[in-house]
Amino acid sequence: MKFFIDSANIDEIREAASLGILDGVTTNPSLVAKEGKNFRQLLDQILEIVDGPVSAEVVSTDADGIKKEARELAAIHENIVVKVPLIREGLKAVRTLTDEGIRTNVTLCFSPTQALLAAKAGATYVSPFIGRLDDVSQDGMELIEQIVTIYSNYDYRTEVLAASIRHPLHVLQAAMIGADVATIPFKIINQMFKHPLTERGLEQFLDDWKNNEAKLV
Ligand code: G3P
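Calculation notes
Residues numbered from 1 in each chain as written. Predicted model: local features only at pLDDT ≥ 70, side-chain atom pairs only at ≥ 80, totals over all residues. Heavy atoms only, no water. Core = buried A, V, L, I, M, F, W, Y, C linked by side-chain atoms within 4.5 Å. Buried < 20%, exposed > 50% of the residue type's maximum accessible area, 1.4 Å probe, protein only. Helix = DSSP H or I, 4+ residues; strand = E, 2+ residues; numbered from the N terminus. Contact = heavy atoms within 4.5 Å. Patch = residues over 30% accessible without salt bridge, like charges linked within 9 Å, V, L, I, M, F, W, Y side chains within 5 Å. Areas by Shrake-Rupley, 256 points an atom, 1.4 Å probe, with all protein chains shown as cover. Salt bridge = Lys/Arg side-chain N within 4 Å of Asp/Glu carboxyl O. Arc of directions from axis to C-beta. Polar contact = N/O pair within 3.5 Å; in protein donor to acceptor, adjacent residues only side chain to side chain. Near = heavy atom within 4 Å. Nonpolar A, V, L, I, M, F, W, Y, C, P; charged D, E, K, R; others polar. Pairing = 2+ DSSP bridges. Axes fitted to C-alpha atoms, helices over the stretch in contact; angles between N-to-C directions.

**Student:** Help me get a handle on the nonpolar core, residues and values and all.
**Tutor:** Formed by 58 residues in total, the largest nonpolar core has its most connected members in Ile5, Val82, Ala118, Ile147, Tyr151, Ile165 and Ile184. Here this core gets six residues from one element, more than from any other, and that element is helix α8 (residues 140-153). Not counting residues up to four positions away in its chain, the partners in contact with Ile147 are Cys109, Pro112, Ala115, Val126, Pro128 and Val160. Within the second largest apolar cluster, seven residues are counted, among which are Phe4, Tyr125, Phe129 and Val181.

**Student:** Quick one: what's the story with a nonpolar patch on the surface, residue by residue and with numbers?
**Tutor:** A cluster of nonpolar residues, Leu19, Ile21 and Phe193, forms a patch on the protein surface that exposes about 250 Å² of accessible area. Take Leu19: it is sitting in the loop between α1 (10-18) and β2 (24-26).

**Student:** Now, about α1: what can you tell me, with residues and values included?
**Tutor:** By the burial criterion, the buried members of α1 are Ile10, Ile13 and Ala16. Angular distribution of buried residues about the axis of α1 spans 135°; they occupy a single face of the element. Exposed residues lying more than 90 degrees from the buried face of α1 are Asp11 and Ser18. Here the buried face of α1 lies against β1 (2-6), β2, α3 (39-49) and α10 (186-193). Its side-chain oxygen 3.0 Å from the backbone nitrogen of Asp11, Asn9 forms the N-cap of α1. Immediately downstream of α1, the backbone of Gly20 shows phi near 80°, a positive value.

**Student:** A description of the environment of Arg157 should follow, citing residues and the corresponding values.
**Tutor:** Position of Arg157 relative to the elements: it lies in the loop between α8 and β7 (159-162). Once the C-alpha coordinates of Arg157 and Ala123 are considered, the two residues, 34 residues apart in sequence, prove to be 8.5 Å apart.

**Student:** Quick one: what's the story with the site of the ligand, residue by residue and with numbers?
**Tutor:** Neighbouring the ligand are Asp6, Asn28, Lys83, Phe129, Arg132, Ala163, Ser164 and Arg166. For the ligand, an oxygen atom lies 2.5 Å from a polar atom in the side chain of Asp6. Interatomic distance of 2.9 Å between a side-chain N/O atom of Asn28 and an oxygen atom of the ligand. Relative to its free-state accessible area of 310 Å², the ligand is covered by the protein chains to the extent of 82%. In terms of residue class, the shell around the ligand is built from two nonpolar, two polar and four charged.

**Student:** Which residues make up the sheet that holds β7, and what are the values?
**Tutor:** Taken together, the eight strands give a closed barrel; going around it, the order is β1-β2-β3-β4-β5-β6-β7-β8, and neighbouring strands pair in parallel fashion. Neighbour-to-neighbour, the strand axes of this sheet turn through a mean angle of 30°, independent of strand direction. Strand direction decides the pairing type here: β1 and β2, joined by three bridges, are parallel. Bridge pairing in β2 places Phe4 opposite Gly24. Running at roughly 160° to strand β4 (residues 80-85), helix α4 (residues 63-76) makes contact with β3 (54-57) and β4 of the sheet. Sheet strands touched by α8: β5 (104-109), β6 (125-128) and β7. Its angle to β6, the strand with the most contacts, is close to 155°.

Laid out in structure tokens, this is it:
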């Protein structure tokens, strides 16, 4: 499973990259707005830190506007993946962009039939939003399961990118189902390291070692 960080915060991205477990980055307009920085400069910094796919989202909602923005974003760097909303105009644009060799991440996916359309349009990634479905009493993980099954039935090459992850169990369940990628907020990456038995066990090992006055080398 590939791990992306869902963030536009440079400190978080740098720290996650230093862990040696990071394959890419996803951003969205809200995450970028939160940083209050120039988008282009932010992207340049992210691209310098992470050598992997970096999703940058368009803000146009008509196919021509989406294509124009997508071409501009893709021209910045070969690692840019253009994030396009899962709307009719978005998928129209995705077909053209795919034919031009521009990689896309079709975002705001909330149903398996939307995901089927994204694959038909040739999307590189589809981003089902787990947490936002859970928020409205729909099972986000069931959507991941449905998409993974559909894509495997027909050998679609579109990768399932589990998004809107709210806790480590979301990562676990997405991994069990076989999602290709999880895009994870920094806070949750940190939570994944933690287990009280690891902390207690290490404390005990180090205490015993100190009491024994042994030397490692
Ligand atoms: O970046 C897309 C997605 O991961 C957003 O997550 O927590 O705002 O629903 P969230």
